[in-house]
Amino acid sequence: MLATGALAIFDSYVTEWLNLLLRSLHVVAAIAWIGASFYFIALDHHLLPPKFAAEAQRGVGGEAWEIHGGGFYHVSKYRVAPERLPEPLHWFKWEAYTTWLSGFGLLVALYYLNAETYLVDRSVAEISGGAAVAISVGLIAASWVIYDLACRLLASRDRAVAVGVVALAVASAWIASEIFAPRAAYLQVGAMLGTIMAGNVVFNIMPGQRELVAAKRAERDADPLPGIRAKQRSVHNNYLTLPVLFTMLANHFPFTYGQSNGWLILVAFMAIGAAIRHFFNLRHQGRTRWTIPVAAALALVGLAVALRPASNSTAGAEAVPFTEVQTIVQARCAGCHAAKPTIAGFSSAPKGVLLDTPEGIVSQRDAIEAQAVDSKAMPLGNVTGMTQAERDTIGDWLSIGAPTR
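Calculation criteria
Residues numbered from 1 in each chain as written. Predicted model: local features only at pLDDT ≥ 70, side-chain atom pairs only at ≥ 80, totals over all residues. Heavy atoms only, no water. Axes fitted to C-alpha atoms, helices over the stretch in contact; angles between N-to-C directions. Helix = DSSP H or I, 4+ residues; strand = E, 2+ residues; numbered from the N terminus. Contact = heavy atoms within 4.5 Å. Nonpolar A, V, L, I, M, F, W, Y, C, P; charged D, E, K, R; others polar. Phe/Tyr/Trp six-rings, centres within 6.5 Å; stacked < 30°, edge-to-face > 60°. Buried < 20%, exposed > 50% of the residue type's maximum accessible area, 1.4 Å probe, protein only.

Colleague: Honestly, the packing of helix H2 (residues 12–46) against helix H11 (residues 262–284) in this entry has me stumped. Any pointers?
Modeller: A pair of packed helices can be characterised by two numbers: the angle between their axes and the separation between those axes. Two numbers describe how H2 lies on H11: the axes approach to 8 Å, and their chain directions differ by 35°. In this structure, H2 contributes Phe38, Ile41, Ala42, His45 and His46 to the contact, and H11 contributes Arg277, Asn281 and His284. Grouping the amino acids of the contact of H2 with H11 by side-chain chemistry returns three nonpolar, four polar and one charged.

Pasting the structure below:
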C-alpha cells in the first residue's frame, strides 16, 4: 500500500526527474567527500616534523610542502590547536551531509516509492513493499547503532574495531540478500555503510572539531581526546569509501548481484576495495607493499573466472520457434521495455531498450541473454513472474543462433 499510494503522488515522469537531479547531486557531492577523505589521509601520512624550532614551539606537529596548479603550498598541522583561533576557518562537512541526504533521497524516490518493483523479489522473500521499506530503514538505523556502540566499547583497540566492522559488513550483505531483490540488496548494504560514514561525521568528527574551536574561543586548553577519536572515525570512513562506491556502481552490472551467491561476491569486492585503500594509505607513509595490489588483481581475475557464464552447448538442441520466445518476452519483459510501458513506475523504456517488436527482441538478444538468462536480474524483482522454464526456453533459442522464424 505504501508504494501504491506514493506512486499516486509521484508519477513515473516526476520520479525520473527526481532520479536525474538527485543522482547528479549525489555523484558530485560524493566526489567532493571522497576526494577530501583521500586528500587529508594522504596529507597526514606525508607530514614531517617541522624544520624550525619556532614552529614546534608554536604547537606545530607536522608540515608538508606541496605543489599543485602551478603554485606551492605549505601546510602545517598542529598537535592539538593553534594559540589563536584563525579566521576564516574552513570546515569540511557539507560534502558528507549532501552525499547522504541525496543518497537517501534516491533510495526513497527509486526504491521506496516503487518498492514492489525495485525493492521486493518474492522469489527471495515473501514480503510486501511496505514491510520491505520498514525493514530497510530499520537496518540502516541499526547499522549505525551497532557500529557506534562497538567503537565506544572497544575504544582505542583499532584491530578489534576493524574486525567488528568487517563482521558487520559481512552480516549486512547476507541479511540483505535474504530479504531484498538482488540489486536492491547491494544498494541496501551501501546505504548502511554510507550511513555509518555520515554518522561518523555528524556525531563524532564534527563534535570533536567544535570542541576544539570552543576551547580556543574560551581561551582554555583544548582536550586532545575528541580530536583523536574524530581522527579514528575519519580513518574508518577512508577505508569504507571504495566498498561503498562498489555498491553504487554494481547495479549496472547484473553479473555481480544476479548470482545465487551474490552476497559473497559483494563481500569479495568490498574486501578488494578496502585492500586497495590500505595499499595507498601505507604508500603515503612510505611503506609500499606491492603484494597487496598483486593479491587484489589475482582476486579480481579469480572472480572474473568464477562469474563467467557457462557456455550453452548447441549439441542436440531443438530449434525454438521465435513466436514462442516472443510470447514470453511480451508477457514478462515488454511491460517495461515498450514504447508505452504498462508497468507502474515507468514512463519510458529503461535505457531505451524496446522489446515490444520482433526486431527489438532480436537486436537485444545479447542483453536478454545476460540479464534474463545468465544472471536472472531481469525482470526487476521478477515482478512479472518469469519462470525458470521460460528462461531456459529463451536460452535454447539463443544457443542455436536466435532464429526469427
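Now that the structure is up, let's keep going.
Colleague: How do you make sense of the packing of aromatic side chains when you look at a structure like this?
Modeller: What describes a pair of aromatic rings is the distance from one ring centre to the other and the angle between the planes of the rings. Scanning the entire structure with this criterion turns up 16 aromatic pairs. An angle of 5° between the planes, with centres 5.2 Å apart, marks the rings of Trp100 and Phe104 as stacked. Taken together, the residues span about one helical turn, with Trp100 and Phe104 both in helix H4 (residues 94–112) at a distance of four residues. Of the residues examined, Phe104 reaches a relative accessible area of 27% and is grouped as partly exposed.

Colleague: Sorry if this is basic, but what is going on with unusual backbone geometry here?
Modeller: Keep in mind that most residues, glycine aside, have a negative phi and that most peptide bonds are trans. For the bond running from Glu87 to Pro88, omega is -5°, close enough to zero to count as cis. As for its placement among the helices and strands, Pro88 is situated in the loop between strand S2 (71–78) and H4. Cis rather than trans, the peptide bond between Met378 and Pro379 has omega equal to -5°. Position of Pro379 among the secondary structure elements: in the loop between helix H15 (365–374) and helix H16 (388–399). At Lys351, a position not held by glycine, the phi torsion is positive, near 60°. On the secondary structure map, Lys351 appears in the loop between helix H13 (322–332) and helix H14 (358–363).

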